[in-house]
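# Results of the structural survey
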Amino acid sequence: MNLPPQIVALACAMSYAAANIAARFGMKHSNPVTMTLISFATQTVVLWSIVLLSGSIPQISYFPAVLFVGIGLVMPVIRMLTYIGVATMGASRSVSLRSSYPLFGAFFALIFLKEELKPLVLAGTILVVSGTFFITWQRDDSLTAGRWWVAFFPLTAALISGLIQPVVRYGLGIAYYPLFFTALVGVTSFSLYLGSLPLVKRFQRPVWNLKGLKSLIIAALLENLGFLLFITAFGLAPVATVSPLIATSPMWVVFATLVIFRDLERVSWRTIVGTFLTVAGTVAISLSH
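Residues numbered from 1 in each chain as written. Predicted model: local features only at pLDDT ≥ 70, side-chain atom pairs only at ≥ 80, totals over all residues. Heavy atoms only, no water.

On to the overall build of the protein chain. The helix and strand inventory of the protein chain stands at 12 helices and 0 strands. In the protein chain, the succession of α and β elements from N to C terminus is α-α-α-α-α-α-α-α-α-α-α-α. If you take every contact in the protein chain between residues at least 6 apart in sequence, the share linking residues at least 24 apart comes to 91%. Accessible surface, the protein chain: about 13,900 Å² in total, of which carbon and sulfur atoms supply 71%. (Helix = DSSP H or I, 4+ residues; strand = E, 2+ residues; numbered from the N terminus. Contact = heavy atoms within 4.5 Å. Areas by Shrake-Rupley, 256 points an atom, 1.4 Å probe, with all protein chains shown as cover.)

Written as structure tokens, this is what we have:
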């Protein structure tokens, strides 16, 4: 039974949303360092198990492999910033800002690739910037009152993601083996992160609390599921068909927080408005491609 790509894309968005909510639960008893370590360990074990069991190790030239190894060296920074954002700002606000990476991707394409500034990109930019303003301007939020600067964690993660996005597209254009390359990124990131743990521990040590460990493992598994659905969706349909649906992930986080997980965090009207503006802007930019 072949599922429509739209259903797969929506499932991807929901999986990513659920992963961030689970991470938020887990980091109440742990911290971003632990979440990042579990995330990369799970990604390495799960994806390489699939690659080896399916016999999906391709014969490729070294150049695309080098590109994805380079991405793997950057991913620990992106993921750490993402989880710091979730821990400090909450899942709903952080995921909305983190999902603004298409804005930065369009910005870099405009500067370096000399692409034309399309009306949808301009409209999407205005919406994302407006959404960012609403999300970060949270005077009545006691969790981050006076700490608007914590928004730079997810925004920096989005910025770096936007920068490496053209590299990912270029590498897959040379050799389209997304599952293998993602496994390669995972083992590279995991190896680098393990090697840098002595340095990381000077700032924050892993916290192995059984109360949060279950949620962190669930978050990591859901994150890997989301990626597999992401790959499947883009293999079934053009980017313009599935990308806007995947970009709705922040909306599902807000919905779940308001309806199901009310005790997880407080969602203000500014967060709701900002999330919908950011999602609308991201969808507009995605549709411009």
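From this point, things continue past the structure.
A few words now on the nonpolar core. Met75 and Tyr193 are the most contacted members of the largest nonpolar core, which has 26 residues in total. Taken together, the elements giving at least two residues each to this core come down to helix H2 (32–54), helix H3 (62–89), helix H7 (152–174) and helix H8 (178–200). Broken down by element, the residue count for this core peaks at 10 residues, all from H8. In this view, methionine 75 contacts Phe40, Ile164, Val185 and Ser189; residues no more than four positions away in its chain are not counted. The next biggest cluster of nonpolar side chains, apart from the first, holds 16 residues, and it includes Ala17, Ala23, Ala91 and Val253. (Core = buried A, V, L, I, M, F, W, Y, C linked by side-chain atoms within 4.5 Å. Buried < 20%, exposed > 50% of the residue type's maximum accessible area, 1.4 Å probe, protein only.)

Attention now moves to the side chain of threonine 36. When you line up the elements, threonine 36 lands in helix H2. Only 2.7 Å separates the side chain of threonine 36 from the backbone oxygen of proline 32, close enough to count as a polar contact. Ignoring anything within four residues of it in the chain, the contact list for threonine 36 reads Arg79, Met80, Tyr83 and Tyr193. (Polar contact = N/O pair within 3.5 Å; in protein donor to acceptor, adjacent residues only side chain to side chain.)

Right, let's talk about helix H4 (residues 91–98) for a bit. The buried fraction of H4 is high, at 8 of 8 residues. Along H4, the residues classified as buried are Ala91, Ser92, Arg93, Ser94, Val95, Ser96, Leu97 and Arg98.

Okay, the pattern of salt bridges next. Going through the model one piece at a time under the given rule, you end up with 1 salt bridge. Here arginine 79 and glutamate 223 are joined by a salt bridge, their closest N and O atoms 3.8 Å apart. With arginine 79 in helix H3 and glutamate 223 in helix H9 (residues 210–236), the pair connects residues that are 144 residues apart, well separated along the chain. (Salt bridge = Lys/Arg side-chain N within 4 Å of Asp/Glu carboxyl O.)

What follows deals with a nonpolar patch on the surface. Nonpolar side chains collect at one region of the surface, where Tyr62, Phe63, Val66, Tyr170 and Ile174 lie side by side and expose about 560 Å² of accessible area between them. Counting residues per element, the ones that place at least two in the nonpolar patch are H3 and H7. With 3 residues, H3 is the single largest residue contributor to the nonpolar patch. Mapped onto the secondary structure, isoleucine 174 falls in helix H7. Accessibility expressed as a relative area gives 41% for isoleucine 174, which makes it partly exposed. (Patch = residues over 30% accessible without salt bridge, like charges linked within 9 Å, V, L, I, M, F, W, Y side chains within 5 Å.)

A few words now on H3. Taking 1.5 Å as the rise per residue, H3 with 28 residues should run 40 Å; its terminal C-alpha atoms sit 40 Å apart, in good agreement. Along its length, H3 reaches its greatest deviation from straightness, about 35°, at valine 74, and the proline proline 76 lies no more than four positions downstream. Following H3 by one or two positions, glycine 90 adopts a phi angle in the positive range, close to 100°. (Expected span 1.5 Å × (residues − 1). Bend = angle between axes of the 7 residues up to and from the residue.)

This part is about the packing of helix H1 (residues 5–26) against helix H11 (residues 249–259). With their axes 8 Å apart at the nearest point, H1 and H11 run at an angle of 55° to one another. Relative to H11, the element H1 is oriented oblique. Along this stretch, H1 crosses H11, giving a crossing that reads as right-handed. Across the interface between the two elements, Leu10, Ala13, Met14, Tyr16, Ala17 and Ile21 of H1 pack against Ser249, Trp252, Val253 and Ala256 of H11. Looking at the contact of H1 with H11 residue by residue, the classes come out as 9 nonpolar, 1 polar and no charged. (Axes fitted to C-alpha atoms, helices over the stretch in contact; angles between N-to-C directions. Parallel < 35°, antiparallel > 145°, perpendicular 65-115°, else oblique. Left-handed = near helix turned anticlockwise from the far one by under 90°. Nonpolar A, V, L, I, M, F, W, Y, C, P; charged D, E, K, R; others polar.)

Looking now at the confidence of the model for the protein chain. Averaged over the protein chain, the pLDDT score is 81; the fraction of residues at 70 or greater is 87%. Note on residues 141–145: pLDDT is under 50 here. Beyond four places in sequence and across chains, it has 11 contacts. (pLDDT = per-residue confidence, 0-100.)

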